[in-house]
Amino acid sequence: MNVSESFKALYDTIVKLRGPDGCKWDKEQTPSSLRSALVEETYECLEAIDEKNPAHIAEELGDIFLLTTMIGYMHEQEGKFTVADTLTGIKDKLIRRHPHVFGDVKVKDTNEILDNWAAIKIQEGRKPKDSILDEVSSGVPPMDRSFALQKKAAKAGFDWQDIEGVIEKINEELKEVQEATANSFYAQLTDDKENRQLTDAVEEELGDLLFAVINLCRFLKVDPSAALHRTNVKFVKRFKFVEKKMKEKGHEMKKENLDIMDAFWEEAKG
């Protein structure tokens with residue numbers, strides 16, 4: 001099947017699933033009930049992209065197509081808009097916002113392309129934001145939002161002059177974390193108001209430290225989510241190695257055996 005036939009087949013399948021003789025579970029779903037699934041499938045797709053596994057990427061993209069089409073069809077059933085409206089809308093928007101491709105506008109670089117995109121949005125009636133930072137949705141996961149906020153600020157000229165300043169900021173924030181934890185080490189043991197405030201102070205300082213590290217990632221043109229994902233994969237691999245070795249040697253995974261676990265961890269690193 002070609003692209004048109006394939007999408008029509010997916011659409012018809014969803015119509016059948018949501019129809020009178022369809023699946024009870026599928027008919028019970030709502031846009032709200034599928035919200036978490038859409039987020040989960042998006043992250044699974046990102047994982048597949050990181051793995052650079054074409055077959056896995058195709059599968060996960062299929063799950064996203066399913067969810068977006070089903071959510072669109074739910075609104076179609078309620079007479080609010082159709083799936084065709086959604087597809088036509090995004091097609092028309094792409095044409096409008098790419099006048100350098102579908103029109104005679106000339107651009108010299110990607111910065112001009114992005115500037116034109118923003119200007120066209122305003123021409124279309126999109127209310128200008130009070131701040132360029134308002135262009136970053138508050139619904140974006142915190143790490144990705146920090147990265148996006150910093151890129152917006154940097155584009156406006158609010159940025160470090162060199163990497164030394166970024167690293168100095170990280171060291172400064174790390175020192176403040178150390179000072180905060182020294183004052184509130186005992187706060188985790190109780191829940192009284194005073195100690196809770198000390199714990200909140202640690203949280204704030206840790207947030208500042210994370211923000212500074214993400215800024216270093218941006219400065220070095222490294223996606224912090226991708227970097228952290230790589231470390232997560234490495235940690236899982238090494239920890240599983242430790243678990244395997246501990247089981248083979250008849251040792252329990254517990255604090256009292258930390259020295260043994262550390263030795264296996266160093267072996268896993270090697």
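Here is what the cut-offs are and how they apply
- Residues numbered from 1 in each chain as written.
- Predicted model: local features only at pLDDT ≥ 70, side-chain atom pairs only at ≥ 80, totals over all residues.
- Heavy atoms only, no water.
- Helix = DSSP H or I, 4+ residues; strand = E, 2+ residues; numbered from the N terminus.
- Rg over C-alpha atoms; globule rule 2.2 N^0.38 Å.
- Contact = heavy atoms within 4.5 Å.
- Lys, Arg positive; Asp, Glu negative; His and termini not counted.
- Charge placed at Lys NZ, Arg CZ, Asp CG, Glu CD.
- Expected span 1.5 Å × (residues − 1).
- Buried < 20%, exposed > 50% of the residue type's maximum accessible area, 1.4 Å probe, protein only.
- Arc of directions from axis to C-beta.
- Axes fitted to C-alpha atoms, helices over the stretch in contact; angles between N-to-C directions.
- Parallel < 35°, antiparallel > 145°, perpendicular 65-115°, else oblique.
- Left-handed = near helix turned anticlockwise from the far one by under 90°.
- Nonpolar A, V, L, I, M, F, W, Y, C, P; charged D, E, K, R; others polar.
- Polar contact = N/O pair within 3.5 Å; in protein donor to acceptor, adjacent residues only side chain to side chain.
- Phe/Tyr/Trp six-rings, centres within 6.5 Å; stacked < 30°, edge-to-face > 60°.

**Q** Looking at this model, I keep getting lost on the overall build of the protein. Mind explaining?
**A** Looking only at helices and strands, the protein features 12 helices and zero strands. Sequence-ordered secondary structure for the protein, helices as α and strands as β, is α-α-α-α-α-α-α-α-α-α-α-α. The C-alpha radius of gyration computed for the protein amounts to 25 Å, which surpasses the reference 18 Å derived for 270 residues by more than 25%, pointing to a less compact arrangement than a globule. Expressed as lengths along the three principal axes of its C-alpha atoms, the size of the protein is roughly 60 × 50 × 45 Å. Contacts in the protein between residues far apart in sequence, at least 24 positions, make up 52% of those at least 6 positions apart. Between the averaged position of the 40 positive side-chain charges in the protein and that of its 52 negative side-chain charges there is a distance of 4 Å.

**Q** Would you take a moment to explain helix 3 (residues 35-51) for this structure?
**A** Side chains that are three or four residues apart share a direction in an α-helix, a result of its 3.6 residues per turn. For helix 3, with 17 residues, the first-to-last C-alpha span of 25 Å sits near the 24 Å given by 1.5 Å per residue. Residues of helix 3 that are buried include every one of Glu-41, Cys-45 and Ala-48, and no others. Buried residues of helix 3, seen end-on, are gathered within an arc of 60° and therefore sit on one face of the element. Seen from the buried face of helix 3, the exposed residues on the opposite side, beyond 90 degrees, are Arg-35 and Ser-36.

**Q** Would you explain the packing of helix 11 (residues 224-248) against helix 12 (residues 258-269) in this entry?
**A** The geometry of a pair of packed helices is captured by two quantities: the angle between their axes and the separation between those axes. Where helix 11 meets helix 12, the axes come as close as 9 Å, and the angle between the chain directions of the two elements is 125°. The pairing of helix 11 with helix 12 is recorded here as oblique in orientation. Read as a crossing pair, helix 11 and helix 12 show a hand that is right-handed. Every residue of helix 12 that contacts helix 11 at Phe-235, Arg-238, Phe-239, Phe-241, Val-242, Lys-245 and Met-246 is listed here: Ile-260, Met-261, Phe-264, Trp-265, Glu-267, Ala-268 and Lys-269. Residue classes in the contact of helix 11 with helix 12 are distributed as 10 nonpolar, no polar and four charged.

**Q** So what exactly am I meant to see when it comes to the side chain of His-75 here?
**A** Counting through the fold element by element, His-75 comes out in helix 4 (residues 54-77). Among the polar contacts listed, one links the side chain of His-75 to the backbone oxygen of Ile-71, at a separation of 2.8 Å. Once residues lying within four places of it in the same chain are set aside, the contact partners of His-75 are Pro-31, Lys-80 and Phe-81.

**Q** What is the right way to look at the packing of aromatic side chains in this model?
**A** The geometry of an aromatic ring pair is captured by two quantities: the separation of the ring centres and the angle between the planes. Considering all chains together, one arrives at three aromatic pairs under this definition. Taking 5.9 Å as the distance between ring centres and 20° as the angle between the ring planes, the aromatic pair formed by Phe-235 and Phe-239 counts as stacked. Of this pair, Phe-235 and Phe-239 both sit in helix 11, four residues apart, roughly one helical turn. In this structure Phe-235 comes out as partly exposed when scored by relative accessible area, which is 45%. Classification of Phe-239 as partly exposed rests on a relative accessible area of 32%. Both rings, one in Phe-235 and one in Trp-265, keep their centres 5.5 Å apart while their planes meet at 50°; by these two values the pair is tilted. Residue Phe-235 is found in helix 11, and its partner Trp-265 is found in helix 12; the two are separated by 30 residues along the sequence.

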